[in-house]
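# Architecture at a glance
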Amino acid sequence: MKRKSFIQKATTLAGGSLVASPLLAFTERKKTLRVAHLSDIHLKPGMEPEKGMAKALHHAQNLHPGVSFIINGGDAIMDALAADKQKTATQFDLFKTILKNENSLPVHHTIGNHDIWGWFIKENRPEDDPQYGKAWVVDTFEMKNRYYSFTQQKWHFIVLDSTQLNAAGGYIARLDEPQLEWFTKELESVPKDHFICLVSHIPILSICAGLYFEKTEANGDLMIKRNLMHTDFLSLRKIFANTPQLKCCISGHIHMQDELTYQGIKYYCNGAVCGNWWKGAFNNFEPAYALMEFYDDGHTKRTIINY
Ligand SMILES: [Zn+2]
């Protein structure tokens, strides 16, 4: 029996009332927004990365039903943090070329730590260069800002900038003050009947972040490093608790995958397109991207695709 006629029959059996049919309620919820989340491509010149990126893009574009857009989850290129200007330009140019030639879907970009130029250059750090830091990646990907939002159907996507320079060295995962202020206002502006998905490069909450090094501390503690998960989670969760529309958070960065539910919110850490930086699997996680399905009742579903 064809699905449609089965539903019609079931509706008739239910007394002809459209509202009364649980089957119809089920089909209504089936209405989804489908999105491909490709994180940690880590593109660099070479056969494996170039072909791999193109393959993942083609795979995402050939899904049935099709996806509405792609989210680049960040760490698009191998590294700009410690790379000189020429090497950074080569990587960004290559990424843009492959994206232009191999993809026709809209793309929303997220900044990853490795997309930031020059923070870790040891000598003659180019701090006065207009492209220093996040300016280059924002410009390259024509982003509205380093953090921004957009709406598709009933879903409001807020793309965050996870990576902040840490005074004590390296980088730290958190929202800086101006971003936090913007973010709080942004959440308040979302209509009550809409749903929110947060997109961040570094996970806001993740257990993989604590398993990344596959070891415990000498005293037995299992640690989560400041650059592997949002250090402001404890304060963010208070804001989240007052935001019933917030249903899910998606991230990359860890090159591993997990799926958590914490206080009614789903947290998906979606692995890496490059796997182990284009050398197979990382901690047993094969190269992958995620198909995210956003239902119009606020539910979400993730499918990991080892493309
Ligand atoms: Zn990263």
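Notes on the structure follow. If you're wondering where the values come from, they're calculated on a predicted model, not measured in any experiment.

## Concerning the pairing of strand S5 (residues 155-159)
Most of S5 sits inside the fold, with 5 of its 5 residues counted as buried. Relative to S5, strand S4 (residues 148-152) runs antiparallel, the two sharing 5 bridges. Following the sheet pairing, Thr151 is matched in S5 by His156. The antiparallel pairing of S4 with S5 creates a hairpin that spans 2 residues between the two strands, and Gln153 there sits at a positive phi of about 50°. With 5 bridges joining them, S5 and strand S8 (residues 195-199) adopt parallel strand pairing. Bridge pairing in S8 links Val159 to Val199.

## A look at the sheet that holds strand S3 (residues 107-109)
Taken in spatial order, the 5 strands line up as S3-S2-S1-S12-S13 in an open sheet, and their pairing is mixed. Taken across any chain shown, the strands that pair with only one partner, and hence form the sheet edges, are S3 and strand S13 (300-305). For this sheet, the mean inter-axis angle between neighbouring strands, taken without regard to orientation, is 25°. Of the strands in this sheet, strand S1 (32-38), strand S2 (69-72), strand S12 (289-295) and S13 touch helix H3 (residues 47-61), which is tilted by about 175° from S1.

## Examining the nonpolar core
Grouped together as the largest cluster of nonpolar side chains are 70 residues, with contacts concentrated most on Leu38, Ala60, Cys197, Leu198, Val199, Val273 and Tyr289. If one sorts the elements of this core by residue count, S8 sits on top with 5 residues. Contact partners of Cys197, with chain neighbours within four places excluded, come to Trp155, Phe157, Lys247, Cys248, Ile250 and Phe294.

## Comments concerning the sheet that holds S5
Pairing is mixed in the open sheet, where 6 strands are placed in the order S4-S5-S8-S9-S11-S10. Unpaired on one side and paired on the other, S4 and strand S10 (257-262) mark the two borders of the sheet. Taken over all neighbouring pairs, the strand axes of this sheet differ in orientation by 15° on average, direction set aside.

## Some thoughts on the pairing of S10
Where S10 and strand S11 (residues 265-270) come together, 6 bridges link them in antiparallel fashion. Residue pairing in the sheet places Glu259 in a bridge with Tyr268 of S11. In this antiparallel pair of consecutive strands, S10 and S11, the connection spans 2 residues, and Gln263 shows a positive phi of 50°.

## Here we look at the environment of Asp296
Within the secondary structure, Asp296 sits in the loop between S12 and S13. Residues Asp296 and Asp193, 103 residues apart in the sequence, show an inter-C-alpha distance of 9.9 Å. For Asp296, the residues in contact, after removing those within four places along its chain, are Lys31, Gln153 and Lys154.

## Comments concerning unusual backbone geometry
Peptide bonds are mostly trans, and most non-glycine residues show a negative phi. Residues His64 and Pro65 are joined by a peptide bond in cis, for which omega reads -10°. Note that Pro65 resides in the loop between H3 and S2. A positive phi angle, close to 50°, is found at Glu214, a residue other than glycine. With respect to the helices and strands, Glu214 occurs in the loop between helix H7 (208-211) and helix H8 (233-241). Of note, the phi angle at Trp278 is positive, near 65°, even though the residue is not glycine. With respect to the helices and strands, Trp278 occurs in the loop between S11 and S12.

The rules behind each value
- Residues numbered from 1 in each chain as written.
- Predicted model: local features only at pLDDT ≥ 70, side-chain atom pairs only at ≥ 80, totals over all residues.
- Buried ≥ 20, exposed ≤ 12 C-beta atoms within 10 Å, placed from the backbone.
- Helix = DSSP H or I, 4+ residues; strand = E, 2+ residues; numbered from the N terminus.
- Pairing = 2+ DSSP bridges.
- Axes fitted to C-alpha atoms, helices over the stretch in contact; angles between N-to-C directions.
- Contact = placed C-beta atoms within 7 Å.
- Core = buried A, V, L, I, M, F, W, Y, C linked by C-beta atoms within 7 Å.

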